[in-house]
Amino acid sequence: MKETYKILFVCLGNICRSPSAEAVMKKLVKDAGLQEQFFIDSAGIIGYHKGEQADPRMRTHAARRGYKLDSISRPVQTQDFFDFDLIIGMDNRNIEDLREKAPDLVSMRKIHQMTEFSRNRLYDYVPDPYYSGADGFELVLDLLEDACAGLLEAITSSNRDN
Ligand code: 4NP
């Protein structure tokens, strides 16, 4: 891969699912020795939690699997659609909101759903864990570990083909 590949993960609040996706993907990329070739970030549809660390429950569950969630919540901006190659939402509502925010057709084509890249899990979205118990946070991590592995494989294999 010649250029830096830029991925933005997006959920509603940017304090649970997308910061976790960011951490999971960063670890996969690092373990594959591809850190220099990727820029990975996350953002939220709403700015309600802007400036906050990830939800403490999400951080605790992620830490048990070896992920350090250190991103600070921020809302998606129009500039993100120009800056990133891939903008990945967690559920259908995120996708609808991202499509509404997309400034042009090129940006629109950058929008994908996280579970498009799932390898083993049959969920078609990553459920919002905010009002769930511990199981919801574990499910988020299970789905993200599966789908991020698929995403990395999709990117690296399409680069091998080109
Ligand atoms: P996230 O979870 O979208 O995975 O970060 C949520 C966080 C906050 C809220 C909803 C979902 N909220 O309504 O404040």
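Along each chain, the written sequence defines residue order, and numbers are assigned to residues from 1. Two thresholds apply to this predicted model, a pLDDT of at least 70 for residue-level local features and 80 or more for giving and counting side-chain atom pairs, whereas whole-chain, interface and lining totals are computed over all residues. Processing note: side-chain calculations cover all non-hydrogen atoms of the structure and skip hydrogens and water entirely.

## Things to note about the overall build of the protein
When you go through the protein residue by residue, the secondary structure sums to six helices and four strands. A run of DSSP states H or I qualifies as a helix once it reaches four residues; a run of E qualifies as a strand once it reaches two. Both are numbered from the N-terminal end. When the helices and strands of the protein are placed in sequence order, the string is β-α-β-α-α-β-α-α-β-α. Each radius of gyration reported is based on C-alpha atoms, and the globular scaling rule is 2.2 Å times the count of residues to the power 0.38. A compact globule built from 162 residues would reach a C-alpha radius of gyration of about 15 Å, and the protein, at 15 Å, matches this within 12%. Seen along its three principal axes, the alpha-carbon backbone of the protein occupies a region of about 45 × 35 × 30 Å. When each of the 162 residues of the protein is scored for burial, the buried share is 50%. For the protein, restricting intrachain contacts to residue pairs at least 6 apart in sequence, the fraction spanning at least 24 positions comes to 72%. Surface accessibility in these figures is a Shrake-Rupley result with a 1.4 Å probe; residues are shielded only by whichever protein chains are displayed. For the protein, the accessible surface area stands at approximately 8,500 Å², while carbon and sulfur atoms represent 47% of it. Put simply, the protein has 21 plus and 26 minus side-chain charges, and the middle of one group is 3 Å from the middle of the other. Here's how the labels work: a residue is buried when its accessible area is under 20% of the maximum for its type, exposed when over 50%, partly exposed in between, all with a 1.4 Å probe on protein chains only. Whether two residues are in contact is decided by their heavy atoms: any pair within 4.5 Å suffices. Only four residue types enter the charge count, namely Lys and Arg as positive and Asp and Glu as negative; His and the chain termini do not. To locate a charge, take atom NZ for lysine, CZ for arginine, CG for aspartate or CD for glutamate.

## Regarding a nonpolar patch on the surface
For patch building, the residue pool is restricted to those with more than 30% relative accessible area and no salt bridge; the joining distance is 9 Å between like charges and 5 Å between nonpolar side chains (Val, Leu, Ile, Met, Phe, Trp, Tyr). Here, a salt bridge means any Lys or Arg side-chain nitrogen found within 4 Å of an Asp or Glu carboxyl oxygen. Judged by side-chain polarity, Leu12, Ile46 and Tyr48 come together as a nonpolar surface patch covering roughly 310 Å² of accessible area. With respect to the helices, strands and loops of the structure, Tyr48 is situated in the loop between β2 (38–44) and α2 (56–64).

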